[in-house]
Amino acid sequence: MTRHDHHPAAQPRRTTPRRTTRLRALLATAAVTALGAAALAALPGTANAAGGLTVQYRTSATGATADQSEPWFKVKNTATTALPLSEVKLRYYFKADAPGATYRFACSWATKGCANITGTFGTLAAPTATADRYLEVGFTSGAGSLAPGTDTGDMQLRFYQSTWQPLRQSDDYSFDASRTAYADWTKVTATRAGSLVWGTAPAGNTPTDPPPTTPPPGGSGTLWDDFSYTSYADPKISANGWSVRSNSGGPGVPGATWDPSNVTFATSAGNTVMTLETSTAGTAGTTEQAEVLTKATKFQNGTYAARVRFNDAPRSGPDGDHLVQTFFTINDLKAPMADDYAEYDFEYLPNGGWGEPSNILYTTSWETYNPDPWQAVNQHTEARQSYAGWHDLVLTIDGSSITYYIDGQLFGTHDAAYLPERPMSINFNQWLIDLTGQTSTTPRAYEQQVDYVLHVKDQVLTPAQVNAKVAAYRSTGTAFEDTVPAA
């Protein structure tokens with residue numbers, strides 16, 4: 001299967017209305033559902049005792065329209081014990097300037113250091129007249145903790161349309177042009193360890209994860225693989241429905257090869273893990289990439305999960321190549337702009353690429369694209385920070401939205417317009433966008449590792465339920481199960 005090789009955020013967006021009645025019907029249904037959602041009771045405008053924090057807001061861009069929105073924040077610890085900032089997430093709610101508009105986050109200056117502040121965008125489950133998107137601000141462990149009575153100091157943040165078109169702020173839920181000095185502001189919410197502790201969200205959009213519940217029973221409709229194989233040539237790989245790619249083609253460097261021997265298996269922390277290696281010496285002829293995918297395209301709605309290790313540095317040789325490390329589902333594009341195409345990606349770029357200068361993670365939901373001239377219809381969420389290390393990646397698809405989680409935390413929610421219309425395959429690959437990131441001819445090799453993959457057909461599980469199912473499989477020593485019926 002040939003896969004396109006394009007930046008999810010930098011694509012020209014199609015601005016004409018969608019042409020299928022299916023998409024109109026789905027969007028209309030979502031709007032009716034949102035309008036019918038019951039309003040939640042407003043929380044007090046002060047931090048509750050359990051949360052022990054307040055959020056202050058001001059803006060330095062006061063116009064009804066602006067080149068970029070500039071929400072600045074301070075978080076104050078009002079409790080009597082230290083507050084680890086890595087447990088805190090803020091949400092600033094706004095109205096998108098167009099259905100297909102995409103946004104980019106930036107930190108101009110912060111007392112805690114911009115490198116310790118993250119910004120991601122999401123879509124609200126219940127859109128309102130003043131909000132259908134949000135900017136979620138988080139903190140890395142490098143931000144440290146707040147002692148009782150102290151605050152973060154300035155966080156001078158901003159976001160803008162990826163096209164740099166002016167954006168309208170006057171219809172944004174969290175915006176207030178009159179707030180040019182810091183003051184408590186309850187139209188920005190804060191969660192601590194996933195629980196709402198400050199502010200009032202737009203009606204029907206309280207930012208709390210579903211509570212952990214007993215996982216649905218197993219049985220028909222589950223794919224589980226612990227990747228307990230000996231090598232890429234192990235006959236069980238094919239027997240269990242996997243293909244280790246050897247055919248040529250994209251994505252990646254034209255002329256590069258996909259070498260099955262770059263897929264290996266070894267024991268790590270008591271589990272067998274799969275390693276995908278990509279290597280190059282700076283030329284197409286020396287570039288070898290790796291991909292493993294299901295032979296069947298039989299996966300559609302439900303839950304997809306994998307534990308994946310991303311790496312920022314090469315295993316050997318000089319660093320800097322524009323590398324892509326992935327977990328995704330996909331089907332084939334039957335014709336340019338065919339509206340039954342589907343693809344849902346986790347893509348990590350440890351050294352940037354596609355115009356990005358450094359590490360960035362994308363989740364992208366695709367409706368369709370045209371390879372030449374390039375035209376794309378997709379929605380994405382991004383985070384500019386390092387994701388080196390092991391991460392639990394969860395994707396859920398139901399009849400109304402596509403939702404992405406990373407390490408149990410909501411990362412992004414994408415709209416009904418991007419739901420799949422045909423079954424897909426499940427894929428892992430690692431490849432190079434180009435050879436411009438590192439021009440050395442010294443050989444180097446990069447690794448991505450995968451611990452397990454899980455798919456539960458037609459059931460939306462929380463990250464906690466995924467963890468419970470994985471633990472149950474491992475407690476019984478089950479290495480593989482596939483009861484998903486053929487499409």
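Just so it is clear, the model here is predicted, and its values are computed rather than measured. (Residues numbered from 1 in each chain as written. Predicted model: local features only at pLDDT ≥ 70, side-chain atom pairs only at ≥ 80, totals over all residues. Heavy atoms only, no water.)

Engineer: Account for the overall build of the chain, with residues named and values stated.
Structural biologist: The secondary structure content of the chain amounts to three helices and 31 strands. For the chain, with 487 residues in total, the buried portion stands at 54%. For the chain, the proportion of contacts with a sequence separation of at least 24, taken over those separated by at least 6, is 75%. As presented, the chain carries roughly 18600 Å² of accessible surface, and 53% of it is formed by carbon and sulfur atoms. (Helix = DSSP H or I, 4+ residues; strand = E, 2+ residues; numbered from the N terminus. Buried < 20%, exposed > 50% of the residue type's maximum accessible area, 1.4 Å probe, protein only. Contact = heavy atoms within 4.5 Å. Areas by Shrake-Rupley, 256 points an atom, 1.4 Å probe, with all protein chains shown as cover.)

Engineer: Describe the sheet that holds strand β7 (residues 117-128), listing the residues and the values that go with them.
Structural biologist: Read from one edge to the other, the open sheet built from five strands follows the order β7-β8-β5-β13-β14, with strand pairing classed as antiparallel. Looking along the sheet, the strands with just one partner apiece sit at the ends: β7 and β14 (195-198). Neighbour-to-neighbour, the strand axes of this sheet turn through a mean angle of 30 degrees, independent of strand direction. (Pairing = 2+ DSSP bridges. Axes fitted to C-alpha atoms, helices over the stretch in contact; angles between N-to-C directions.)

Engineer: Talk me through the sheet that holds strand β1 (residues 53-59); I want residue IDs and the actual numbers.
Structural biologist: Read from one edge of the open sheet, five strands run β6-β10-β3-β1-β12, paired in antiparallel fashion. For this open sheet the edge positions go to β6 (103-110) and β12 (183-184), each flanked by a neighbour on one side alone. Examined bridge by bridge, β1 and strand β3 (residues 71-77) share seven bridges and lie antiparallel to one another. Among the inter-strand pairings, Val55 is bridged to a residue of β3, identified as Val75.

Engineer: Tell me about the packing of aromatic side chains, residues and numbers included.
Structural biologist: Aromatic rings considered in pairs are described by the distance between their centres and by the relative angle of their planes. Per the stated rule, a full pass over the model turns up 31 aromatic pairs. Residues Tyr57 and Phe73 carry aromatic rings whose centres are separated by 6.1 Å and whose planes lie at 40 degrees to one another, so their mutual orientation is tilted. Placement of Tyr57 in strand β1 and of Phe73 in strand β3 is noted, with a sequence separation of 16 residues between them. What makes Tyr57 buried here is its relative accessible area of 0%. Here Phe73 falls in the buried class, since its relative accessible area comes to 1%. By the ring-pair criterion, three or more aromatic residues cluster together here, those being Tyr57, Phe73, Tyr92, Phe94, Tyr103, Phe121, Phe159 and Trp185. Lys187 extends its terminal NZ or CZ atom over the ring of Tyr173, reaching a point 5.1 Å from the ring centre. (Phe/Tyr/Trp six-rings, centres within 6.5 Å; stacked < 30°, edge-to-face > 60°. Lys NZ or Arg CZ within 6 Å of the ring centre and 35° of its normal.)

Engineer: Let's hear about the pattern of salt bridges: which residues, and what values?
Structural biologist: Evaluated as defined, the whole model comprises 19 salt bridges. Across the pair Arg192 and Glu87 runs a salt bridge whose closest N-O atoms are separated by 2.8 Å. Pair noted here: Arg192 is in strand β13 (residues 188-192) and Glu87 is in the loop between β4 (83-84) and β5 (88-94), with a separation of 105 residues, a long-range link. In this structure Glu87 comes out as partly exposed when scored by relative accessible area, which is 29%. In this structure, Arg104 engages Glu356 in a salt bridge whose closest nitrogen and oxygen atoms are separated by 3.5 Å. Residue Arg104 is found in strand β6, and its partner Glu356 is found in the loop between β23 (343-349) and β24 (360-371); the two are separated by 252 residues along the sequence. (Salt bridge = Lys/Arg side-chain N within 4 Å of Asp/Glu carboxyl O.)

Engineer: Lay out the pairing of strand β18 (residues 263-268) with the relevant residues and their values.
Structural biologist: Of the strand pairs in this sheet, β18 and strand β19 (residues 271-280) are connected by six bridges, and their pairing is antiparallel. Across the sheet, the residue bridging to Val263 is Leu276, located in β19.

Engineer: Help me get a handle on helix α3 (residues 463-475), residues and values and all.
Structural biologist: Along its 13 residues, α3 runs 18 Å from first to last C-alpha, staying within 8% of the 18 Å computed at 1.5 Å per residue. Those residues of α3 lying buried are Pro463, Gln465, Val466, Lys469, Val470 and Tyr473. Looking down the long axis of α3, one finds its buried residues gathered within 160 degrees of arc, a one-sided arrangement. The secondary structure elements touched by the buried residues of α3 are β15 (222-225), β21 (302-310), β26 (389-397), β27 (402-406), β30 (444-457) and β31 (480-482). One or two positions beyond α3, positive phi appears at Gly477, with a value near 75 degrees. (Expected span 1.5 Å × (residues − 1). Arc of directions from axis to C-beta.)

Engineer: With reference to specific residues and values, describe empty space enclosed by the protein.
Structural biologist: Summed over all chains, the structure comprises two cavities of 30 Å³ or more. In this structure, the largest cavity occupies an estimated 110 Å³ of space. Around the largest cavity, the lining residues are Phe94, Ala101, Thr102, Tyr103, Phe121, Gly122, Thr123, Arg133, Gln379, His380, Thr381 and Thr413. Contributing elements (two or more residues each) for the lining of the largest cavity: β7 and β25 (374-383). Residue composition of the lining of the largest cavity, by class: four nonpolar, seven polar and one charged. Taken as a whole, the second largest cavity spans an internal volume of roughly 30 Å³. Looking at the lining of the second largest cavity residue by residue, the class counts come to eight nonpolar, no polar and no charged. (1 Å grid on protein atoms, 1.4 Å probe; cavity = no way out; pocket = protein on both sides within 12 Å on 5 of 7 lines; lining within 4 Å. Points joined across faces, edges and corners; volume = space filled by probe spheres on them. Nonpolar A, V, L, I, M, F, W, Y, C, P; charged D, E, K, R; others polar.)

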